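# Examining the three-dimensional arrangement
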Amino acid sequence: MTYLVHPTSIVDDGAKIGAGTRIWHWAHICAGAVIGERCSFGQNVYVGNDVIIGDNVKVQNNVSIYDAVTLEDDVFCGPSMVFTNVNNPRSHVSRKHEYRRTLVKKGATIGANATVVCGHTIGEYAFIGAGAVVTRDVPPYALMVGSPAHRMGWMCACGERLSDMIGEHACPACGTLYDIGGNHCTPL
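The text that follows walks through the structure, step by step, so that each part is easy to find. Bear in mind the structure is a predicted one, so any value in this text is a computation, not a measurement.

Residue position: Asn87 is located in the loop between β14 (82–83) and β15 (102–104). Overall, the relative accessible area of 40% leaves Asn87 in the partly exposed class. Note: C-alpha distance between Asn87 and Val117 (30 residues apart in sequence) is 7.5 Å. Apart from the residues lying within four places of it in its own chain, the contact partners of Asn87 are Arg100, Val117 and Cys118.

Attention now goes to the packing of aromatic side chains. All told, the structure shown has three aromatic pairs when counted by the stated rule. An angle of 45° between the planes, with centres 5.9 Å apart, marks the rings of Tyr46 and Tyr66 as tilted. Highlighted residues: Tyr46 in strand β8 (residues 46–47) and Tyr66 in the loop between β11 (64–65) and β12 (69–71), separated in sequence by 20 residues. Both rings, one in Tyr141 and one in Tyr178, keep their centres 5.4 Å apart while their planes meet at 70°; by these two values the pair is edge-to-face. Of this pair, Tyr141 sits in the loop between β20 (133–134) and β21 (142–145) while Tyr178 sits in strand β24 (residues 177–180), and the two are 37 residues apart along the sequence. Accessibility assignment for this pair places Tyr141 and Tyr178 in one class, buried. Aromatic rings pair up to connect Tyr125, Tyr141 and Tyr178 into one cluster.

Next up on the list: the sheet that holds strand β22 (residues 150–154). Pairing between the strands of a sheet comes from backbone hydrogen bonds, and it takes one of two forms, parallel or antiparallel. Within the open sheet, the nine strands sit side by side as β1-β4-β7-β10-β13-β16-β19-β21-β22. Their pairing is mixed. Of all the strands in the sheet, just β1 (4–5) and β22 have a single pairing partner and so form its edges.

A separate point is the pattern of salt bridges. Taken as a whole and assessed by the stated rule, the structure comprises seven salt bridges. Between Arg101 and Asp50 there is a salt bridge, and its shortest N-O distance comes to 2.9 Å. One end of the pair, Arg101, is in the loop between β14 and β15; the other, Asp50, is in the loop between β8 and β9 (51–53), and 51 residues separate them in sequence. Linking Lys106 and Asp74 is a salt bridge whose minimum nitrogen-to-oxygen distance equals 2.7 Å. On the criterion of sequence distance, the pair formed by Lys106 in the loop between β15 and β16 (109–110) and Asp74 in the loop between β12 and β13 (76–77) is long-range, its members being 32 residues apart. Of the residues examined, Lys106 reaches a relative accessible area of 31% and is grouped as partly exposed. Each of Glu72, Lys105 and Glu124 takes part in salt bridges that share partners, so that together they form one network.

Turning our eyes to something else, we now look at the environment of Ser80. Tracing the chain through its elements places Ser80 in the loop between β13 and β14. The partly exposed category is assigned to Ser80, whose relative accessible area is 25%. For the pair Ser80 and Val63, spaced 17 residues apart in the sequence, the C-alpha separation amounts to 5.0 Å. In contact with Ser80, other than residues within four places in its own chain, are Asn61, Asn62, Val63 and Asn113.

Turning our eyes to something else, we now look at the environment of Val59. Here Val59 shows up in strand β10 (residues 58–59). On the basis of relative accessible area, Val59 is assigned to the buried category, the value being 1%. Each C-alpha atom of the pair Val59 and Gly32 lies 18 Å from the other, and the pair is 27 residues apart in sequence. Ignoring any residue separated from it by four or fewer positions in sequence, one finds Val59 in contact with Ser40, Phe41, Gly42, Val45, Ile65 and Cys77.

Calculation criteria
Residues numbered from 1 in each chain as written. Predicted model: local features only at pLDDT ≥ 70, side-chain atom pairs only at ≥ 80, totals over all residues. Heavy atoms only, no water. Helix = DSSP H or I, 4+ residues; strand = E, 2+ residues; numbered from the N terminus. Buried < 20%, exposed > 50% of the residue type's maximum accessible area, 1.4 Å probe, protein only. Contact = heavy atoms within 4.5 Å. Phe/Tyr/Trp six-rings, centres within 6.5 Å; stacked < 30°, edge-to-face > 60°. Pairing = 2+ DSSP bridges. Salt bridge = Lys/Arg side-chain N within 4 Å of Asp/Glu carboxyl O.

These figures capture arrangement, not role.
Following this line, the structure appears as structure tokens:
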């Protein structure tokens, strides 16, 4: 085995797990899950059957990644954040055929206790603040806060906040140049 599984965790037969991945206490990885290399899953994490996770993804404690969710490389899921997969769940109505796909693009961060409502895409290197509720697609590099989440600024790929002014700006931490417009932020 080229990955680590804590003795209290369950990895169902059929799950595909990349080298260097670490699965800590009381986690459950279902049979159909596909997980990349060098990922880390904190305690009490659940990964469903129809889930694809890229390389170097960090999933903190108490996160459930339900069917129809894809996390690209370098995604960070903060403690107790929530993914949904049905828009109108009822315990007495089966809606497994109505799952809506959620895509979290490369490098995005989702803060502690945030909720991502299904059927949306979170853009590359977007930053979802703690407790935010994502109810629509999120543009790349956007800083999203509140309920429902709204864009309050832009973030560099290195994790530092960028200027909100339109035009060319350098990240104050790493110097990467960005073209910032009213509804976009693009590295140059």
